There are 2 protein chains.
Amino acid sequence: MTRQPYGDRLSASIAARGQLCVGIDPHPAILQAWGLSPDVNGLERFSRAVVEALGDRVAVLKPQSAFFEAYGSAGIAVLERVLADVSAAGAIALLDVKRGDIGSTMAAYAQAYLSDGSPLAADAITLSPYLGFGSLSAAIELAGKTGRGVYVLALTSNSEGRQIQHARTADHTMVAQTIIDSAAAVNGDSRGLGHVGVVAGATIGQTGADFTGLNGSILAPGLGAQGAVPEDLVQVFGSARALVLPSFSREVLSAGPAVGDLRAAAQRAVGGVEAALVLG
Amino acid sequence: MTRQPYGDRLSASIAARGQLCVGIDPHPAILQAWGLSPDVNGLERFSRAVVEALGDRVAVLKPQSAFFEAYGSAGIAVLERVLADVSAAGAIALLDVKRGDIGSTMAAYAQAYLSDGSPLAADAITLSPYLGFGSLSAAIELAGKTGRGVYVLALTSNSEGRQIQHARTADHTMVAQTIIDSAAAVNGDSRGLGHVGVVAGATIGQTGADFTGLNGSILAPGLGAQGAVPEDLVQVFGSARALVLPSFSREVLSAGPAVGDLRAAAQRAVGGVEAALVLG
């Protein structure tokens, strides 16, 4: 399959559909709220309902792998169908897996999630860099070759993250900044957005992190249920010459299960984001 | 199911079978070397052959999830059977998944891998702490309640890991040391080994990391194919009042597929480790 570069595909999808990522997070509480059973049947009905409601109108849908893994291989089979449905509906499928390893193991993760023909292939995945940004290269390279993208954890919205993300390297650079800089180095000066993004929570406040040179996209969870408001995007990322992809989960999902209510909630979310970005 | 605490079970298994973990790493090159097809059928034949040869005599078997994920839900179904076979054979099943997330997502990973009745439940799993040691608490707590264990990445054997693992927190502590200290704090002063271990590569050399107070086990990959020799265990972990669990993969697996050859390679590995530890 010939696929355009990820940055171009993401930019086009956002231009057509608005600046929004909606998480597909089938945790037990939301299954219960939707009147679904907390089993693989409920998992499938929830996930496919979200895709049916939003797949033809939201730029990016982000299934969270953990909630599918919780049901074992049967849950992973559902995830395969969800990924296929997202693509068929024309949205970008960003699979939140936070994988990270070294050598042939990292290559196997890349094969699983970023290679043509794999049943779990997504348009982009999240990666976790505790083993070093360089350890992720098998995934970063394969994504670049196949028109896919990666988002490397940099600065997350949870308070425990500071232990590592705010630590300083030998030359006194913040760890999170070295991740952003490493991503920027891969993206280089290409005309379009590069395929290596970072994850940075919208609630992080002013940390001194500099996203200016990223030339990639920033996945920004933490809006809505996690306490940030759209205006935080401007405060946190105001100086970034990068594309901010705000991610909403509970605030949209809890409006369901009615299709019209889900669509209205997504519309409100994208409207709030765009108003904030225009003001910024 | 009433299960003894993980530290007691690990200590008993090592006392009975020797101080060794063997990885189940079905990467494409080893499937080819064994004359197996690089597909889910080869994956299953390889993995079950390792368990049949070693499950009744090696203390810990460690399947690497990435190589199963590479085949999608069909690969995960094989992993479920492998985990069941390892337990049935009497070995400890340590699943190398390196998961790490926050909140309800981390709870879902805990549910998947550490809860009674889950098809992917193992005796222990590996965790990755980029989001902070505290973000892993759902898994650490569930493991403690169910007689299972976790191994949190601390100091890994790959050179790229220094970017983050050797960074310094605000009080000038090395990040990896804060992981070891956090694990130690959970384990406390219990009489037996606690259930929170760390991953520290056997090739890391002298880093100044202090494992003295861990009161848990140290999973030490990197022996054999990755360049360390058993004597490195003494140099790196000599001062640790902790149980070192050396992990071999290629050095044992490449002796296969004959059952007798696999068993002899495992026997050589455990002999080398024990000779080095006696000398230390």
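Anything mentioned here points back to the structure above.
Quantities reported herein were computed from a predicted structural model and do not represent experimental measurements. (Residues numbered from 1 in each chain as written. Chains lettered and ligands numbered in written order. Predicted model: local features only at pLDDT ≥ 70, side-chain atom pairs only at ≥ 80, totals over all residues. Heavy atoms only, no water.)

Enquirer: In this structure, what is going on with the interface of chain B and chain A? I would like to understand it.
Expert: Accessible area lost during the coming together of the parts is what is often quoted as the interface size. Listed per partner, the contact involves 56 residues of chain B and 56 residues of chain A. Summed over both sides, the interface of chain B with chain A buries roughly 4100 Å², with 57% coming from carbon and sulfur. When residues of chain B are sorted by the area they lose upon contact with chain A, Tyr130(B), Leu131(B) and Gln163(B) head the list and together hold 19% of the total. Linking chain B with chain A are four salt bridges. Among the salt bridges present, the one from Asp101(A) reaches Lys98(B), with a minimum N-O distance of 2.8 Å. (Contact = heavy atoms within 4.5 Å. Buried area = accessible area lost by both parts, 1.4 Å probe. Salt bridge = Lys/Arg side-chain N within 4 Å of Asp/Glu carboxyl O.)

Enquirer: Help me understand the pattern of salt bridges, please; the structure alone is not making it clear to me.
Expert: Pairing between side chains becomes possible if they bear opposite charge and their charged atoms approach one another. Residue and element names in this part refer to chain A. In the structure shown here, the tally under the stated rule is 24 salt bridges over all chains. Glu44 serves as the salt-bridge partner of Arg81, at 3.0 Å between the closest nitrogen and oxygen. Of this pair, Arg81 sits in helix α5 (residues 72-88) while Glu44 sits in helix α3 (residues 40-54); the two residues are 37 residues apart in sequence, bridging distant segments of the chain. Using a relative accessible area of 35% as the deciding quantity, one classes Arg81 as partly exposed. (Helix = DSSP H or I, 4+ residues; strand = E, 2+ residues; numbered from the N terminus. Buried < 20%, exposed > 50% of the residue type's maximum accessible area, 1.4 Å probe, protein only.)

Enquirer: Mind showing me how you'd approach the sheet that holds strand β5 (residues 149-155) of chain A here?
Expert: Two strands in a sheet stick together by hydrogen bonds in their backbones, pointing the same way (parallel) or opposite ways (antiparallel). All names here are of chain A. Sheet architecture is closed into a barrel: eight strands sit in the order β1-β2-β3-β4-β5-β6-β7-β8, paired in parallel fashion. Neighbour to neighbour, the strand axes of the sheet diverge by 30 degrees on average, direction disregarded. The pairing of β5 with strand β6 (residues 196-200) spans five bridges and is classified as parallel. When the bridges of β6 are listed, Val150 appears paired with Val196. Across the sheet, α3 is in contact with β1 (21-24) and β2 (60-63); its angle to β1 comes to roughly 160 degrees. Those strands touched by α5 are β1, β2 and β3 (92-99), and its axis lies near 145 degrees from that of β3. (Pairing = 2+ DSSP bridges. Axes fitted to C-alpha atoms, helices over the stretch in contact; angles between N-to-C directions.)

Enquirer: I keep staring at the relation of the copies chain B and chain A and nothing clicks. Help me out?
Expert: Each of the two chain copies can be generated from the other by rotation about an axis followed by a shift along it. After a rotation of 180 degrees and a shift along the axis of 0.0 Å, chain B superposes on chain A with an RMSD of 0.0 Å. The superposition operator between the copies reduces to a two-fold rotation axis. (Least-squares fit on C-alpha atoms with pLDDT ≥ 70 in both.)

Enquirer: It is not clear to me how empty space enclosed by the protein should be interpreted in this structure. Could you clarify?
Expert: Empty space left among the atoms is revealed by rolling a probe the size of a water molecule over them. Tallied over the entire structure, the rule returns one cavity of 30 Å³ or more. What lines the largest cavity is a set of 13 residues, and nearest its centre among them are Glu69(A), Ile76(A), Glu69(B), Ile76(B) and Tyr113(B). When contributions to the lining of the largest cavity are tallied by element, the ones reaching two or more residues are α4 (65-69) of chain A together with α4 (65-69) and α5 (72-88) of chain B. Each residue belonging to the lining of the largest cavity can be placed in one class, and the counts come to seven nonpolar, two polar and four charged. (1 Å grid on protein atoms, 1.4 Å probe; cavity = no way out; pocket = protein on both sides within 12 Å on 5 of 7 lines; lining within 4 Å. Points joined across faces, edges and corners; volume = space filled by probe spheres on them. Nonpolar A, V, L, I, M, F, W, Y, C, P; charged D, E, K, R; others polar.)

Enquirer: Where do I start with helix α10 (residues 230-237) of chain A in this structure?
Expert: Residues lying three or four places apart along an α-helix face the same way, a consequence of the helix completing one turn every 3.6 residues. Of all the residues in α10(A), the buried ones are Pro230(A), Asp232(A), Leu233(A), Val236(A) and Phe237(A). Considered in projection along α10(A), the buried side chains sweep an arc of 135 degrees and stay on one side of the axis. (Arc of directions from axis to C-beta.)

Enquirer: Is there a simple way to explain the packing of helix α3 (residues 40-54) of chain B against α5(B) in this structure?
Expert: The packing of two helices is summarised by the inter-axis angle and the distance between the axes. All names here are of chain B. Axis separation between α3 and α5 bottoms out at 10 Å; the angle between their running directions is 10 degrees. Relative to α5, the element α3 is oriented roughly parallel. For the pair α3 and α5, the contacting residues are Val40, Leu43, Glu44, Ser47, Arg48 and Val51 in the first and Ala74, Gly75, Val78, Arg81, Val82, Asp85 and Val86 in the second. Its residues placed into classes, the contact of α3 with α5 shows seven nonpolar, two polar and four charged. (Parallel < 35°, antiparallel > 145°, perpendicular 65-115°, else oblique.)

Enquirer: Which parts of the structure should I look at to understand the packing of aromatic side chains?
Expert: The description of an aromatic ring pair rests on the distance of the ring centres and on the angle between the ring planes. Residues and elements named next belong to chain A. A full pass over the atoms with the stated rule returns four aromatic pairs over all chains. Considering the side-chain rings of Tyr6 and Tyr151, the 6.2 Å spacing of their centres and the 80 degrees angle between planes classify their relative orientation as edge-to-face. Taken as a pair, Tyr6 in helix α1 (residues 6-17) and Tyr151 in strand β5 lie far apart in primary sequence, 145 residues in all. The two residues Tyr6 and Tyr151 agree in class, both being buried. (Phe/Tyr/Trp six-rings, centres within 6.5 Å; stacked < 30°, edge-to-face > 60°.)

Enquirer: In this structure, what is going on with the pairing of strand β7 (residues 217-220) of chain B? I would like to understand it.
Expert: Look at any regular strand and the pattern is simple: side chains alternate between the two faces of the sheet. All names here are of chain B. A two-sided burial pattern is seen for β7, the buried positions comprising Ser217 and Leu219 on one face and Ile218 and Ala220 on the other. Two strands pair when backbone bridges link them, and β7 and strand β8 (residues 243-248) are joined in this way by four bridges, in the parallel orientation. Along β8, the bridge assignment pairs Ser217 with Leu243.

Enquirer: Just checking my understanding: could you explain the nonpolar core for this structure?
Expert: In globular proteins that are soluble, nonpolar side chains generally tend to be buried together. If you look at the biggest cluster of nonpolar residues, it comprises 200 residues, and the most contacted ones within it are Leu54(A) and Leu54(B). Non-local contacts of Leu54(A), meaning those with residues more than four positions away in its chain, are made with Val22(A), Leu61(A), Val252(A), Leu262(A), Arg263(A) and Ala266(A). (Core = buried A, V, L, I, M, F, W, Y, C linked by side-chain atoms within 4.5 Å.)

Enquirer: Help me understand the environment of Val196(A) in this model?
Expert: Residue and element names in this part refer to chain A. Among the secondary structure elements, Val196 is positioned in strand β6. Judged by its relative accessible area of 0%, Val196 falls in the buried class. The sequence separation of Val196 and Val51 amounts to 145 residues, and the corresponding C-alpha distance is 25 Å. With residues near it in sequence (within four places) discarded, Val196 still touches Phe133, Ile140, Val150, Val152, Ala183, Val186, Asn187, Leu214 and Gly216.

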